[in-house]
Amino acid sequence: MAASTHAVTNQPPPLTAYDVFGTDPVLVEGVERHLDAEQARRAARELTELGRAAGSAQAREWGRLAQAQPPVLRTHDRFGHRIDEVEFAPAWHRLLGKGVGAGLTSAGGGPGGRLRRAAAFLVWSQVEPGHLDPLSTTYAAVPALRARPDLAELWEPRLTSAVYESGLRPVSGKAGALLGLGLTEKQGGGEDPEAVTTRAEPVAGGAGTHRLTGHKWFCSAPMSDGFLVVARAAEGPTCFLVPRVLDDGTRNVFALQRLKDTLGHRANATAEVEFDGTWAHRIGDEGRAVATLRETVAAARLDRALGAAALMRQAVAQAVHHCTYRTASGVPLAGQPLMRNVLADLALESEAATTLVLRLAAAHDRADAGDERERALLRLAVPAAKYWLTKRCTPLVAEALECLGGNGYVEDSGLPALLRAAPAGALREGPGNVQALEALRVLQQDPAALDAFLLEAGRSRGADHRLDAAVRALLTELGDLDGVQARARRLVERIALVLQGSLLVRYAPPDVADAFCAARLGGDGGAAFGTLPHHAALAEIVERARPVA
Ligand SMILES: Cc1cc2nc3c(=O)[nH]c(=O)nc-3n(C[C@H](O)[C@H](O)[C@H](O)COP(=O)(O)OP(=O)(O)OC[C@H]3O[C@@H](n4cnc5c(N)ncnc54)[C@H](O)[C@@H]3O)c2cc1C
């Protein structure tokens, strides 16, 4: 007999059946800002549909199931033949199908395509972050692949297709395909191709075909149709395309040793792989892996910044929703002055992150159309944004989790999954120091990138004295390069903050820009969230972040 000892009270309703896009004014305004009227109308229609799907109980359940039923490695079939497959939950395939269908593997080819994709990425990542990984690497791999027009002709239409087709078959027979990246080895190589030891031997008369021998220590989404891999050829580290299945239908040698037991990343799989005479097509010139992969790495880094912005937005949405309904001493938490400060501070961080990544996606569109100044801006702003957003993401999600009290620590709330996912974004495509050093390299060697950044920051000159002072202080720091490596994080943090401040001053409601400039640039805030100046427009900032139509 069921015991009925109490009524359930003071618990919020679930945050489902809402439009993840339409209830986020930062995102809606960003799309309108960067697209022309017709493009914005079309994008809003598509994003509203995706936003409703992302906020539906169905999608939330797919996300939960994909994490609750982790992938399983199947190295051999019942007869002992190697098959090297990974079995994913049905929910994983549904999530991927929807993500591919929403165009997350393709820039769309037209004006504004990067911005539209970035907005869709921000929306759909909020369902479950792990499955965005193969969508992101597939999207990012395309520029590298174009170094081999014959291979691009076969692969690109499938990588950018809106059709998701799971299962290992020759790619020529598939309507859609996914690509992963295999760079990192045990001794290194994730960021430094010179450290790669996997060997590539040319096949006689093979027109760029090689055999690889070696290993990869991290290889995510191992059921992808192919991988861009770095291996050492006669002239040095070189990029290769390794298909999982050969043209004649036989399996390429791609021995999955084990799946890693990671902190989070539960829906996705990350494998260790051995190559032993593995067939590979050379992409780009021998010894030129860095150059071949430059655009791919930049696109993947911007996606990591997008992923961090999406995690932050979802955490803030959950926290504000909970605190709207949960009361303490009869007053909603969101109405308690101290909690209001916490929520406003989190909302500010999330708004600054979303505004920055959308600006960079728009810069990517303009760079595609030939705008060299925007391309230069990206060279500095992408590592800076990747550095700062992924650095802010983990503490923000942890604080948002605390807003839910003990409920936040329980899986059902969804916050633990966000917290587990957050640090992975910081590690992938180069951890914090690597991003900071890359930004430093650009500052030292690429005057056009610094000029483009200063032009962008200068667009709001005179609008806020704290922003103006921060730009002056940054220029002073840049003028003195003594001990510059040890200062790289400080410099890059300030570059990101100045960019965010400049964008918010131009585009956000004045209350938001004022609080940001005070706390993040003017020193009127603490190291923890919830330390905005008490006279800031806390209630208005929280209201703007509330995920209700
Ligand atoms: C969940 C997950 C999935 C992954 N999936 C893939 C995948 O699919 N494909 C793939 O290729 N890789 C993958 N990786 C690997 C990831 O890209 C690397 O772990 C990452 O690039 C860092 O490389 P590393 O582990 O060799 O660390 P290292 O390069 O050894 O770095 C260790 C630390 O040293 C710092 N550091 C490095 N150089 C310097 C320097 N010069 N000065 C100061 N500090 C420095 C770094 O910032 C870092 O903090 C995955 C990792 C994770 C966690």
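Look up a bit, the structure's there.
Read on for a plain summary of the structure.

Once that is clear, we can look at the side chain of glutamate 272. With respect to the secondary-structure elements, glutamate 272 resides in strand E9 (residues 270-283). In terms of polar contacts, glutamate 272 uses its side chain to reach the side chain of lysine 260, at 2.8 Å. Apart from residues no more than four positions distant in its own chain, glutamate 272 is found in contact with Lys216, Trp217, Ala255, Leu256, Gln257, Arg258 and Lys260.

Take the site of the ligand next. Neighbouring the ligand are 18 residues; Leu181, Leu183, Thr184, Glu191 and Ser220 lie closest to it. A distance of 2.8 Å is found between a nitrogen atom of the ligand and a side-chain nitrogen or oxygen belonging to threonine 184. Contact distances for the ligand include 3.0 Å between a nitrogen atom and a side-chain N or O atom of asparagine 433. The fraction of the free accessible surface of the ligand (970 Å²) that becomes covered by protein chains is 65%. Of all the secondary structure elements, the ones that give two or more residues to the shell around the ligand are strand E3 (179-182), strand E5 (209-220) and helix H12 (432-445).

Attention now moves to the packing of helix H9 (residues 337-368) against helix H15 (residues 488-507). Running from N to C, H9 and H15 cross one another at 90°; their axes reach a closest spacing of 9 Å. Overall, the two elements H9 and H15 adopt an arrangement that is roughly perpendicular. For the pair formed by H9 and H15, the contact residues are Glu351, Ala352, Ala353, Thr355, Leu356 and Arg359 on the first element and Leu499, Gln500, Leu503 and Leu504 on the second. Looking at the contact of H9 with H15 residue by residue, the classes come out as six nonpolar, two polar and two charged.

The rules we used
- Residues numbered from 1 in each chain as written.
- Predicted model: local features only at pLDDT ≥ 70, side-chain atom pairs only at ≥ 80, totals over all residues.
- Heavy atoms only, no water.
- Helix = DSSP H or I, 4+ residues; strand = E, 2+ residues; numbered from the N terminus.
- Polar contact = N/O pair within 3.5 Å; in protein donor to acceptor, adjacent residues only side chain to side chain.
- Contact = heavy atoms within 4.5 Å.
- Near = heavy atom within 4 Å.
- Areas by Shrake-Rupley, 256 points an atom, 1.4 Å probe, with all protein chains shown as cover.
- Axes fitted to C-alpha atoms, helices over the stretch in contact; angles between N-to-C directions.
- Parallel < 35°, antiparallel > 145°, perpendicular 65-115°, else oblique.
- Nonpolar A, V, L, I, M, F, W, Y, C, P; charged D, E, K, R; others polar.

No statement about biological role is implied by the geometric values presented.
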